[in-house]
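What follows is the residue order along each chain.
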Amino acid sequence: MDDDVIQIEEQYYIRATSSRADERTRVLKHGDTFGVFDRFGDMHPIGFGEQGLFHQGTRYLSRMELRIGTVRPMLLSSTVNEANDVLAADLTNPDIPGDGNGTMALPRGVLHISRTKFIWQGICYERLRLSNYGLQPITIGLTIRFDADFVDIFEVRGSRRARRGQRLDARVDDGSCTLGYEGLDGVLRQTTLEFEPTPVELGASTARYDVSLGAQKHETIFVAVCCQTAHKHRRLAGAFGEGQTALARALASLRRQQATIVTGNQQVNTWIERSSADLQMMVTETPYGLYPYAGVPWFSTVFGRDGIITALQLLWVAPVIGRGVLAHLAAMQATESNPEQDAEPGKILHETRTGEMAALGEVPFGRYYGSVDSTPLFVMLAGAYFQRTGDRGFMETIWPNIERALGWIDTHGDIDGDGFVEYARRSAHGLVQQGWKDSHDSVFHADGTLADAPIALCEVQGYVYAARCAAAEMAAALGRTARADELRAQARQLRDRFDEAFWCDDLGTYALALDGKKKPCRVRSSNAGHCLFTGIAGAGRARRMAGVLLDETGYSGWGIRTLAACEVRYNPMSYHNGSVWPHDNALIAAGLSRYGLRQESLKPFEGLFQAATFLDLHRLPELFCGFSRRPGEGPTLYPVACLPQAWASGSVFMLLQACLGLTIDAHSSEVRFDNPALPEWVPELRIENLQIGDGSVDLLIERHPHDVGVTVLRRDGRIKVEVTK
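It should be emphasised that the depicted structure is a prediction, and the values quoted were computed from it without experimental measurement.

Student: So, the layout of surface pockets: which residues are in play, and what are the values?
Tutor: Empty space among the atoms can be located by rolling a probe the size of a water molecule over them. Approximately 1,200 Å³ is the volume attributed to the largest pocket. A384, Q387, F533, R594 and T663 are the residues nearest the centre of the largest pocket, which is lined by 37 residues in total. Examining the composition of the lining of the largest pocket, we find that eight residues originate from one element, helix α9 (residues 458-477), more than from any other. Its residues placed into classes, the lining of the largest pocket shows 20 nonpolar, ten polar and seven charged.

Now the structure itself:
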């Protein structure tokens, strides 16, 4: 261990004076495997503990450190490429002293190490290319230190366990080392590290090479870290090239299934490209289709709410993701009541986890249903997907799931029969708050008193309203006329009752929630903005709500806060009570646009764009702090935010759709722009390969002094493009 890292018992810490203190991480992911590395390409069990190579909910490699002898290389540069599939780091040597007479055995900057990593099918591949740019031959010792702690992702997040399984003795065999762990769930988990060429010394935690390089000569070392798969590559160099090619082809195939967006602002393009690449990395092939895993490192798995909202954000550019989300969640829909899982018939999944703790029931999230909004959001997505694609055959397939979801809304969702959907957890280990703001202190009254369950959130009523409207349209299209009429009547009744029960005229917005005694939580929050997104808000309410959301207490300069700064529980550093979430802002912007407030919808768009320009790789995190914007400074980061996070990455696409007033109706093969607008910093926007049914279209949207023009550049098929102003 180097001097920057301190070990106290089983915990690791970084010295405050270390250059690692502000170190940014690099992320790679493929399928159910992801890696969190430092900028050198190393990983250490330090800081928040998120670094490592993870597979199916377990950390399979907790340490991997490259050393020149015993010295850490110097970092020249580090990045993840635009396609998000390869981590590249350029390193060199510091001054390495000789035998003590003042000479240098290796002066700084003679050795160049090009480090390349990617993940493919449960294996992290690495290539180390060493180059001697000196005038003399050199001989160096190169050391790779490694370890695997096989901790569950919930342990990494801080959960303490009374017992753990058994760590097995390492097996070293002909250029490979296998580390193993037998869990309390009876599962044998193994990490095999393969090296080519074979190190001169290989043990249970160290591989060492003696590398001799002539002047201007090069040497290459390959390493593969195999999670669970203990097979031996016949030729690691060949496997590296084949894996990299296969990964690039898979990502290219995914890119071809979505529209391409290019603007006249290169910084916006960088934001869009990084967001698109992050989403392609997060999207995972499942037995039911493509599904966007929620976020790295803590949520790299299926989440119902996150997957649905991400699919809604991307629906206009990549409807195939919506289909995969619907199919997966339909297959996982609860069929029976299970209090420990907060499951009830017809309810849609909150999250699913693999790993030892989930298998043993130490956490309830193996398959957990504790979200009140996933079920109506599922129906909303189904309706939006049907309008976007006209995929009648698929809709008929999942119609029984839609009906079961509507049945849950009418029965289990409405605990007390008052017409509103509310929640109260049944699992002692489950989530106390079951809306998207699931922190324990996220729902409260104006005096700060936490609300008692059952709780009816304002945005959830909006989701239910939109779900019934969407289901009515689907029912009518499928010939179920009576059912469609019934659903429309239910939606109208809910809208009227909602406005009466939730509107707070003195606040100019809807109450955050109703508590168990039907007392409104009279709090200004971003939740109410979702009521604009779903259309449940009264027509006369939108402009007043916009004023509240976008005033100095609601809008930080970077985005709309989750909680207004004037509220008693406001804390800009909290998870849900004053922070800024990109996806939340995108939904609100779409809601403002829905009510014709196009210019107002540009404000969160501009704030998030400006935030992205300050952030590493132009990558928006899950959230950031809600401090007011200060001249010349970027947003204040939230320390354990997921990065990337699927619905944060998807936000830019919904923001673009909102400002353009863009809707797509596959039933009429029509693309509509309703009073489109572009911010001043986006002079033009080109959309290519926008697919509707069997056809596609390329469009150019240009900003003029007094309006926005739309030009059809290419049309394949009978697609209509309509612009209303």
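Student: So what's going on with the pairing of strand β20 (residues 218-227)? Which residues, and what values?
Tutor: When you tally the buried positions in β20, you get seven out of ten residues, the bulk of the element. As defined by bridge partners, strand β13 (residues 123-132) adjoins β20 across nine bridges and the pair is classed as antiparallel. Note on β20: the bridge partner recorded for L128 is I221. Relative to β20, strand β17 (residues 188-196) is paired through six bridges, and the arrangement is antiparallel. Paired with F195 across the strands is V223, a residue of β20.

Student: Now, about empty space enclosed by the protein: what can you tell me, with residues and values included?
Tutor: The tally for this structure, following the rule as stated, stands at six cavities of 30 Å³ or more. Its volume calculated, the largest cavity comes out at about 60 Å³. Taken together, T509, R524, S525, S526, V548, L549, G554, I560, R561, L563 and A564 make up the full set of residues lining the largest cavity. Among the residues making up the lining of the largest cavity, the classes are represented as five nonpolar, four polar and two charged. Within this model, the second largest cavity holds a volume of roughly 40 Å³. For the second largest cavity, the full set of lining residues is W558, C625, F627, S628, R629, R630, G634, P635 and T636. Grouping the amino acids of the lining of the second largest cavity by side-chain chemistry returns four nonpolar, three polar and two charged.

Student: I'd like to hear about the nonpolar core, residue by residue, with values.
Tutor: Judged by nonpolar contacts, the single largest core of 176 residues is most densely connected at W316, F378, I402, V671 and L690. A per-element tally of this core places α9 first, with eleven residues. L28, V110, Y181 and L193 belong to the second-largest nonpolar core, a separate cluster that totals 44 residues.

Student: Can you explain the packing of helix α7 (residues 374-389) against helix α8 (residues 392-410)? Please cite residues and give values.
Tutor: Running from N to C, α7 and α8 point in directions that differ by 155°, and their axes come no closer than 9 Å. It follows that α7 is roughly antiparallel to α8 by the angle criterion. For α7 against α8, the interelement crossing comes out left-handed. Two secondary-structure elements touch here, α7 through T375, P376, F378, V379, A382, Y385 and F386 and α8 through R392, F394, M395, I398, N401, I402, A405, L406, W408 and I409. Taken together, the residues of the contact of α7 with α8 break down into 14 nonpolar, two polar and one charged.

Student: Can you tell me about the environment of D452, naming the residues and giving the values?
Tutor: Its place among the elements puts D452 in the loop between α8 and β26 (456-457). For D452, a relative accessible area of 55% gives the class exposed. If we skip the residues at most four places from it in the chain, D452 touches D515 and G516.

Student: Outline the pattern of salt bridges, listing residues and values.
Tutor: A pair can form between side chains of opposite charge whenever their charged atoms are brought close. One pass over the structure, following the stated rule, counts 43 salt bridges. A salt bridge links E403 to R483; its shortest N-O distance comes to 2.9 Å. Taken together, the residues E403 in helix α8 and R483 in helix α10 (residues 481-502) connect sequence positions 80 residues apart. The salt bridge partner of D674 is R598, with a shortest N-O separation of 3.9 Å. Taken as a pair, D674 in strand β31 (residues 670-674) and R598 in helix α14 (residues 598-614) lie far apart in primary sequence, 76 residues in all. Residue D674 is classed as partly exposed on the basis of its relative accessible area, which comes to 41%.

Student: Talk me through the packing of aromatic side chains; I want residue IDs and the actual numbers.
Tutor: Counting across every chain of the model gives 25 aromatic pairs. Ring centres of F299 and F303 lie 5.3 Å apart, and the angle between their planes is 75°; this geometry places the pair in the edge-to-face category. The same class applies to F299 as to F303, namely buried. Aromatic side chains W436 and W647 sit 6.3 Å apart centroid to centroid with 90° between the ring planes, which places their arrangement in the edge-to-face category. With W436 in the loop between α8 and β26 and W647 in helix α15 (residues 646-649), the pair connects residues that are 211 residues apart, well separated along the chain. The exposure class of W436 is buried, given its relative accessible area of 3%.

How each quantity is defined
- Residues numbered from 1 in each chain as written.
- Predicted model: local features only at pLDDT ≥ 70, side-chain atom pairs only at ≥ 80, totals over all residues.
- Heavy atoms only, no water.
- 1 Å grid on protein atoms, 1.4 Å probe; cavity = no way out; pocket = protein on both sides within 12 Å on 5 of 7 lines; lining within 4 Å.
- Points joined across faces, edges and corners; volume = space filled by probe spheres on them.
- Helix = DSSP H or I, 4+ residues; strand = E, 2+ residues; numbered from the N terminus.
- Nonpolar A, V, L, I, M, F, W, Y, C, P; charged D, E, K, R; others polar.
- Buried < 20%, exposed > 50% of the residue type's maximum accessible area, 1.4 Å probe, protein only.
- Pairing = 2+ DSSP bridges.
- Core = buried A, V, L, I, M, F, W, Y, C linked by side-chain atoms within 4.5 Å.
- Axes fitted to C-alpha atoms, helices over the stretch in contact; angles between N-to-C directions.
- Parallel < 35°, antiparallel > 145°, perpendicular 65-115°, else oblique.
- Left-handed = near helix turned anticlockwise from the far one by under 90°.
- Contact = heavy atoms within 4.5 Å.
- Salt bridge = Lys/Arg side-chain N within 4 Å of Asp/Glu carboxyl O.
- Phe/Tyr/Trp six-rings, centres within 6.5 Å; stacked < 30°, edge-to-face > 60°.

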